[in-house]
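Given next are the chains, with one letter for each unit.
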Amino acid sequence: MSVAMYHFRFDSTGFPLIYIPTVNAYVHFLPITKIQIEYFMSATTEAMFDESWYTSLLSYSERVSPAQVNKSNFTHLFVTGILPREAQRFASWAGRGYSLLTSQEWRAIHDYAASAPPMGDIVAEISQVGALKPRVRAVLEALKKNTSNKIDSLADQMHLTNGILDFVYEDEQQNAFVGHGYRSIVISPTDPQRLANSREGARIKNFGFRLICKE
Amino acid sequence: MIICPYCLSKHNLSPTNNVCPSCGEEVPPKYIQATRKTPPVFIVTVGMTQHGKSTLLDSIAVTVENLGKISDGTFHSYLDAYTFDSVRGIRKQVLEGKVPDSTTKDAKPRPLLIGIHNFLGVESNTLVIYDLAGEVFDDIQTVGLYANAIIHAQTIWFLVSLADLEEDKSGRSIFDLIEVYLAGMDQLGTPTRGRDVLIIYTKSDKIVHKLPSAIRGYMGKDPYRNLKDMKRNEANLIPFDDYSYIQEMRAISQELKDYTMDDVEGGGALINRIKSSKMTINFAITSATGSDVDNRQAGVILTRFRVLDPLLWSLMPSGGGEPPATQAIILVDSTAKMFTTGDKLGMIYDELSAQRMDINTYYMGNMQPAFSALRPDGVPKRKYSPLVGLALDQLNPATTYVMIITEANIHDLYDYIYSDWHENLFVVTTADFPLTWQHKLEVDDASFDARDIVERFMTIVLRKD
């Protein structure tokens, strides 16, 4: 077995988190997927997270199975159209120490990952921590095979910039939200994308989230 | 649903509505009450003529009647007049020093119905014992007479007197017993997988000199051999410690297995044949009279060695062996009105039970089994999303087959299309609902037939087995 390049652990649904030294914490390796949201729906006692809520989310981004993923629809593996406060409920359910990222944390993660080399075999690397659940493995393999952009760094493999935007807290006050991850000729992914309603957020087709775990 | 112990059909019976619509027999109210809480234990006893079946049954009855001496709070009940009369009849013969009448072929075999209460931590266990005629195994054509009993029995007791087998001039071996049984099962079209076979060596006093010392020692040390005649103060000194007793019983089963492999003609073939049929196998050894009845005088005090063991093997879950290798999951869309109306899920459950599957029911979108009592009963107030992954991710595709019952579009079914689950998922849906899946059955309310659904489901199970 080779020496691990990065350190991983798993959340309660079996999806991996990666250790990021610049924030001294574990962060979800991928944006939260629809599979994780389905686990949340099953376990939460909050009645609002029911089938009609999920169906409304799917209207923003159709659900695809790993076997159906191609280069144009791979972002449909991730949950989008979710509201920041709903993402907060997910974070509460995920367990002690989990929360949405702040803008500052997101940028620190990006800066580290953008300069870190990509893994040769993501599945093999993560599997050194423990056996991957079959569906988690299938998601990782589908993304590896179908991600359209060239993979230059760990940031690309984490889909920090080549997928959807992450909802984050604008600052430590945690009162307002911005988006991170959009990249264009003139916009850097670390530039916060302002929302029309920064306190409540809004359902936006290409906005998802990931969590940081500080325990 | 209650299984009628006489014809083995299933009906909604109650203590006040206890006439079986299929056979017209009155099902004992006590049987109905007890089996609502704990499913009955069906036992079929098979063996060649004069190998000691009826004598062992009598000895077990005597032991059951006296269990309360060593197990606080335990008592028994004979649940119908036939059982009461049969036990008394056999008892009379044994006490008079006569060989009990051999079980003879009967066009309508009746079971013994025995309740055992407050034993092994269970409030009420109900034994339904079919004592098959020895001739059944001389003539396979007669197996059909006992079809229902054989199909439903989880536990099969093969009673073998090795001494009598040695003297058998027809040249039969112990292996022939299982072959006739398996041929019978095949004739009835019933799978054997997951059933518990208990080989009981009877009349062991006749072969005691040939047995390994560990087995001889186990026989001789039976603390309950004189249970019937034991005084209360004697019994108080040896209270029944189920854990220790069963541990020792398991160890002796292994010793007997080794003995069978090494020293019994056809024994190795027998064990391998049972294993290849995916049945569990355990061994017990008894001596139900303590001496040969031919030499016994009337009125002698009988000694019964280890006659408790067959009973314990049968009352333990899965006959005390490994759990069935294959389990079936009913995975139901809780919004599927057609399937959750009435007792359709229960009917499917009953049909799967008849296939000897270890069954659990889940609602889609939920990680935990839906019913603690196993048999589906009602629908949840909460409507879960049509998701199969939450249940499937907890289960092992190497040993599990899933019947998915849905009237909704399942969000995550295709997550499993190229997975190990693909061949193990059988989707049952309504005729007008579009869903593409390799193993799929469309039904409607009018054509709903639980047996047909389960038969089709079993085709994927049996193909992979």
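The rules behind the values
- Residues numbered from 1 in each chain as written.
- Chains lettered and ligands numbered in written order.
- Predicted model: local features only at pLDDT ≥ 70, side-chain atom pairs only at ≥ 80, totals over all residues.
- Helix = DSSP H or I, 4+ residues; strand = E, 2+ residues; numbered from the N terminus.
- Buried ≥ 20, exposed ≤ 12 C-beta atoms within 10 Å, placed from the backbone.
- Contact = placed C-beta atoms within 7 Å.
- Pairing = 2+ DSSP bridges.
- Axes fitted to C-alpha atoms, helices over the stretch in contact; angles between N-to-C directions.
- pLDDT = per-residue confidence, 0-100.
- Parallel < 35°, antiparallel > 145°, perpendicular 65-115°, else oblique.
- Left-handed = near helix turned anticlockwise from the far one by under 90°.
- Nonpolar A, V, L, I, M, F, W, Y, C, P; charged D, E, K, R; others polar.
- Core = buried A, V, L, I, M, F, W, Y, C linked by C-beta atoms within 7 Å.
- Expected span 1.5 Å × (residues − 1).
- Arc of directions from axis to C-beta.

Enquirer: Help me understand the overall build of chain A in this model?
Expert: Secondary structure assignment for chain A yields seven helices and eight strands. Going through the 215 residues of chain A one by one, you find that 43% of them count as buried. For chain A, the share of sequence-separated contacts (at least 6 apart) that also reach a separation of at least 24 residues comes to 65%.

Enquirer: What's the story with the overall build of chain B in this structure? I'm lost.
Expert: A count of helices and strands for chain B gives 15 helices and 14 strands. With 465 residues in all, chain B has 45% of them scored as buried. In chain B, the proportion of contacts linking residues at least 24 apart, taken out of those at least 6 apart, comes to 71%.

Enquirer: Any chance you could explain the environment of asparagine 125 of chain B here in plain terms?
Expert: Residue and element names in this part refer to chain B. Position of asparagine 125 relative to the elements: it lies in strand β6 (residues 122–131). In this structure asparagine 125 comes out as buried when scored by C-beta crowding, with 23 C-beta atoms within 10 Å. For the pair formed by asparagine 125 and valine 41, sequence separation is 84 residues and the distance between their alpha carbons is 7.4 Å. Residues in contact with asparagine 125, not counting those within four places in the same chain, are Thr38, Val41, Ile116, Phe119 and Leu315.

Enquirer: I tried to follow the sheet that holds strand β5 (residues 112–119) of chain B on my own but got confused; where do I start?
Expert: What holds strands together in a sheet is hydrogen bonding between their backbones, with the strands either parallel or antiparallel. Residue and element names in this part refer to chain B. Strand order in the open sheet formed by seven strands is β4-β5-β6-β3-β7-β8-β9, with mixed pairing between adjacent strands. With one partner strand each, in any of the chains shown, β4 (75–78) and β9 (280–285) form the two edges of the open sheet. This sheet shows a mean twist of 25° between the axes of neighbouring strands, independent of strand direction. Looking at chain direction, strand β8 (residues 196–201) and β9 are connected through six bridges and run parallel. Each bridged residue has a counterpart across the sheet, and for aspartate 196 the counterpart in β9 is threonine 280.

Enquirer: Can you walk me through the confidence of the model for chain B in this structure?
Expert: Atom-level detail of predicted coordinates should not be read off regions where pLDDT is low. All names here are of chain B. Per-residue confidence for chain B gives a mean pLDDT of 81; residues scoring 70 or more make up 86%. Confidence drops under a pLDDT of 50 for residues 319–324, and excluding neighbours within four residues, the segment shows 21 contacts in the predicted structure. What the predictor reports for the complex is a pTM of 0.58 with an ipTM of 0.92.

Enquirer: Which parts of the structure should I look at to understand the environment of aspartate 350 of chain B?
Expert: Residues and elements named next belong to chain B. Among the secondary structure elements, aspartate 350 is positioned in helix α13 (residues 344–354). Residue classification places aspartate 350 among the partly exposed residues on the basis of 19 C-beta atoms within 10 Å. Note: C-alpha distance between aspartate 350 and proline 376 (26 residues apart in sequence) is 9.7 Å.

Enquirer: Could you clarify how one ought to interpret the packing of helix α7 (residues 213–220) of chain B against helix α9 (residues 242–263) of chain B in this entry?
Expert: Two quantities define a packed helix pair, namely the angle between the axes and the distance from one axis to the other. Residues and elements named next belong to chain B. Contact geometry of α7 with α9 gives a least axis separation of 10 Å together with a crossing angle of 135°. Relative to α9, the element α7 is oriented oblique. Handedness of the crossing formed by α7 with α9: left-handed. Listed contacts from α9 to Ala214, Ile215 and Tyr218 of α7 are Ile252, Glu255, Leu256 and Tyr259. Classifying every residue of the contact of α7 with α9 gives six nonpolar, no polar and one charged.

Enquirer: For this particular structure, what's the right way to read unusual backbone geometry?
Expert: Residue and element names in this part refer to chain B. Here the phi dihedral of asparagine 118 falls at roughly 55°; this positive angle occurs in a residue that is not glycine. Positive phi, normally seen in glycine, also occurs at lysine 203, with a value near 50°. Here lysine 203 shows up in the loop between β8 and α7.

Enquirer: Could you clarify how one ought to interpret the nonpolar core in this entry?
Expert: A general trend in soluble globular proteins is that nonpolar side chains are found buried together. Residues and elements named next belong to chain B. Counting 98 residues, the largest nonpolar core has Ile330, Leu331, Met403 and Ile404 as the members making the most contacts within it. Not counting residues within four places of it along the chain, the set of residues in contact with leucine 331 comprises Tyr362, Met364, Val388, Ala391, Val402, Met403, Ile404 and Ile405. Membership of the second largest hydrophobic core comes to 79 residues, among which are Cys20, Val27, Ile114 and Leu311.

Enquirer: Is there a simple way to explain the sheet that holds strand β1 (residues 8–10) of chain A in this structure?
Expert: All names here are of chain A. Within the open sheet, the five strands sit side by side as β1-β2-β3-β8-β4. Their pairing is antiparallel. Here the strands that pair on one side only, and so sit at the sheet edges, are β1 and β4 (98–100). Strand-to-strand twist of the sheet, defined as the mean angle between neighbouring strand axes without regard to direction, takes the value 35°. Relative to strand β2 (residues 16–20), β1 runs antiparallel, the two being bridged by three bridges. What sits directly across from phenylalanine 8, in β2, is isoleucine 18. In this fold helix α3 (residues 84–94) packs onto β4 and β8 (211–213), with an angle of close to 165° to the strand it touches most, β4.

Enquirer: Honestly, the interface of chain B and chain A in this entry has me stumped. Any pointers?
Expert: Many structure descriptions define interface size as the accessible area lost when the parts assemble. On the chain A side, the residues contacting the 16 residues of chain B number 16 residues. Considering only residue class, the side of chain B that touches chain A consists of six nonpolar, six polar and four charged.

Enquirer: Sorry, what's going on with α9 of chain B here?
Expert: Structural remark: α-helix, 3.6 residues per turn; residues separated by three or four positions point the same way. Residue and element names in this part refer to chain B. In this model α9 runs 30 Å from its N-terminal to its C-terminal C-alpha over 22 residues, within 8% of the 32 Å that 1.5 Å per residue would give. Listing the buried residues of α9 in full gives Met249, Ile252, Ser253, Leu256, Tyr259 and Thr260. The buried residues of α9 occupy an angular sector of 125° when projected down its axis, which confines them to one face. Looking at α9, the residues exposed on the side facing more than 90 degrees away from the buried face are Tyr243, Ser244, Gln247, Ala251, Gln254 and Asp262.

Enquirer: Can you help me understand the pairing of strand β10 (residues 327–332) of chain B in this one?
Expert: Taken residue by residue, a regular strand's side chains alternate between the two faces of the sheet. Residue and element names in this part refer to chain B. With five of six residues buried, β10 is to be regarded as a mostly interior element. Across six bridges, β10 lies against strand β12 (residues 400–406) in parallel orientation. In the sheet register, isoleucine 330 faces β12, and the bridge partner there is methionine 403. Sheet topology places β10 next to strand β11 (residues 358–363); six bridges connect them, and they run parallel. Following the sheet pairing, leucine 331 is matched in β11 by tyrosine 362.

Enquirer: Would you explain the packing of α9 of chain B against helix α10 (residues 267–276) of chain B in this entry?
Expert: All names here are of chain B. Where α9 meets α10, the closest approach of the two axes is 6 Å, and the angle between their N-to-C directions is 125°. The angle between α9 and α10 falls in the class oblique. Residues Lys257, Thr260 and Met261 of α9 touch α10, and the partners they reach there are Gly267, Gly268, Leu270 and Ile271. Taken together, the residues of the contact of α9 with α10 break down into three nonpolar, three polar and one charged.

Enquirer: Got a minute to help me understand the environment of methionine 347 of chain B in this structure?
Expert: Inspection of the secondary structure puts methionine 347 of chain B in helix α13. Linking methionine 347 of chain B and alanine 450 of chain B, residues 103 residues apart in sequence, is a C-alpha distance of 5.9 Å.

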